[in-house]
Amino acid sequence: MPLIEASGLVKNYGETLALAGLDLEVEAGMVLGMLGPNGAGKTTTVRILTTLLKPDAGTAFIDGIDVVAEPRRIRSRIGLTGQYAAVDERLTARENLDLIGRFFRLSSSEAAGRANELLDRFRLDEAGDRLVKGFSGGMRRRLDIAMSLVARPKVLFLDEPTTGLDPRSRLDMWDLIDELQREGMTTLLTTQYLEEADRLADEIVVIDHGLVIARGTAAELKALIGGSKAVIEPSGATTLTEVADALASVRGGAEPTSEGGAIMVPVRLGTTTPDVVRLLDAAALAVVDVAITSPTLDDVFLALTGHASDAEVSA
Amino acid sequence: MNPRDKVASDERSATAPSAGVDAPNSVMWAIRDSWNEATRHLRSIPRSPELLMFTVLQPVMFVLLFYYVFGGAIQVPGSYAQFLVPGILAQTVVFGSSFTGVGLAEDMSKGFVDRLRSLPINQSAVLVGRTLSDLARNSLGALIIIVIGFALGFRFNGGVVDGVVATLLFLAFAYAFSWIQALVGLSVSSVEAANSAGFIWMFPLTFVSSAFVPTESMPGWLRQIADANPFTQVTNAGRALYAGTDPGNSVWIAALWALGITVVFAYLATSKFKRTSH
């Protein structure tokens, strides 16, 4: 039996349908990445599973416990890190952790011990007694996740954990989530970035308009798109057909296209810029610039739904 | 039926201390949860200069400004300090309660309320803890006003017991208004909105009362409003108890107002809080 099991979740906000019958299963010990644009229903799903919101229809169980019927038992088994770092700025990092420990009914010494452990583990031991007000975004996020782990939850919910972080902190956060994954923490992670889901998740569900539209490993999803794209800016008389023929040995599934003077040729994953340059060179084709673009969430969306993942479409 | 055995993290949770949180939601735990939440706010008071400034300096400023600026111009029975201090107490504790709403709105916008809601705690504790911590902060403000009042000639002429009863009456109003502000804070979408929605109606409410001037000096229609204002009741009750004169029914009327507002708005705010959480 999966640790998280939701079926037919429906949620309306007034006229807006946020979830349209979403099904979800997360096996124990896995990191499931929930990938989708703003407004797709990711946060609504997390809020229902964490007892913050009641679904209009459908059922959800965590560890066999009904989320709607027994919210309190669910709350003692989950950790939630929402979209904003939910830390109290006017307390120190240690006081924040201690507070959660006391809310979970640890004795003072247990709460203090657990706070120490987590400060150490999340590289906050030196900053432990400083007010959170002075923390960087990355430190706040680390503390935020540490607070979610105080009571050793069975399931960790991470709702867009790297949104708003600088690149360096984002990498830090990825390492941290990797580490939790190695320890077998069952995690539901939402993200807008394919790259992030790719890096962190064992499996990915793609959601759009409140429904799961695809589920698979990152490699399987990328296979749907047919890999990367070579973007070639031709020089002089070089034509799309010439370029496509020259790149025949690395081409992926879809047909080449041209857009604003640039020629786009889908290529297999792993194809590098030098590969493309060599092939074009061998065919004696004149080009100004060559670049390889990795598949993005937009590409996945386009491949799966035929529409782009922009906010207007899915708001 | 549970797939516990598969999960590595479960081996740790076998010794995890979360066992007790499934226990029935006893009153004892509700109190402890409220206390935990109250201490979170109390700890932060000395650390946030703007809050401390408002709590300590604002009442000092009001007492001194009114005493020296209006003191000579307003005709009151007895000494102006004796008249002024109860009025300032009423106004200060009620203005101070607006921080309940602002703080709650802040916690909501920063996701802290979501964190609290996702914990296995008594849900009402979030509001009870906050209103109690605001009561403590308001008590500090009230104490400061009374101390300054003493320096200006204000006295507990009705005796210590009556003086304490009068002070408790003002604090009961402070607590009641914290619940109104809690509802305001839960109903608005931002800290800024909580600030203006919480503040704006307090000016007519506190000024159209006997807090600063005798209502006899107002035009007839305004005087009727002022006399019906709960602030007039609590100010008159406090004034009489401090002065040692007959308060009439005003003590009971004021106490009933405080109790009524607390019960009604605690109910409204709590159900609003629970509704928003689902």
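Remember, predicted model here, so these are calculated numbers, not experimental data.

Participant: Provide a residue-level description of the sheet that holds strand E1 (residues 4–13) of chain A, including the pertinent values.
Facilitator: Residues and elements named next belong to chain A. A sheet is described by the order of its strands in space; here four strands give the open sequence E2-E1-E4-E5, paired in antiparallel fashion. The outermost strands of the open sheet, each flanked by one partner alone, are strand E2 (16–26) and strand E5 (65–66). Two strands pair when backbone bridges link them, and strand E4 (residues 57–62) and E5 are joined in this way by two bridges, in the antiparallel orientation. The partner of isoleucine 62 across the bridge, within E5, is isoleucine 65. Strands in contact with helix H1 (residues 42–49) are E1, E2 and E4; relative to E1, the strand with the most contacts, it is inclined by about 115 degrees.

Participant: Explain helix H12 (residues 230–243) of chain B residue by residue, including any values.
Facilitator: Compared with the 20 Å implied by 1.5 Å per residue over 14 residues, the 20 Å span of H12 of chain B between its first and last C-alpha is a close match. Positive phi shows up at glycine 244 of chain B, right after H12 of chain B, with a value of about 80 degrees.

Participant: Help me get a handle on the sheet that holds strand E9 (residues 203–208) of chain A, residues and values and all.
Facilitator: Residues and elements named next belong to chain A. Taking strand neighbours across the sheet as the criterion, the six strands line up as E6-E7-E8-E3-E9-E10 in an open arrangement whose pairing is mixed. Because the sheet does not close on itself, it has two edges, and the strands there are strand E6 (78–81) and strand E10 (211–216). In this sheet, neighbouring strand axes are inclined to one another by 20 degrees on average, regardless of whether the strands run parallel or antiparallel. Across four bridges, E6 lies against strand E7 (residues 155–159) in parallel orientation. Counterpart to isoleucine 78 in the pairing with E7 is valine 155. With respect to the sheet, helix H5 (residues 137–149) is in contact with E6 and E7, its orientation differing from that of E6 by roughly 165 degrees.

Participant: Break down the nonpolar core for me, with residues and values.
Facilitator: The biggest cluster of nonpolar side chains holds 94 residues, and the ones touching the most others in it are Leu143 of chain A together with Phe170 and Phe173 of chain B. If one sorts the elements of this core by residue count, helix H8 (residues 160–187) of chain B sits on top with 15 residues. The residues contacting leucine 143 of chain A, other than those within four sequence positions of it, are Val87, Ala93, Asn96, Phe122, Leu124, Val132 and Phe135 of chain A. Met30, Leu49, Leu53 and Ala60 of chain A belong to the second-largest nonpolar core, a separate cluster that totals 49 residues.

What counts, and where the lines are drawn
- Residues numbered from 1 in each chain as written.
- Chains lettered and ligands numbered in written order.
- Predicted model: local features only at pLDDT ≥ 70, side-chain atom pairs only at ≥ 80, totals over all residues.
- Pairing = 2+ DSSP bridges.
- Helix = DSSP H or I, 4+ residues; strand = E, 2+ residues; numbered from the N terminus.
- Contact = placed C-beta atoms within 7 Å.
- Axes fitted to C-alpha atoms, helices over the stretch in contact; angles between N-to-C directions.
- Expected span 1.5 Å × (residues − 1).
- Core = buried A, V, L, I, M, F, W, Y, C linked by C-beta atoms within 7 Å.
- Buried ≥ 20, exposed ≤ 12 C-beta atoms within 10 Å, placed from the backbone.

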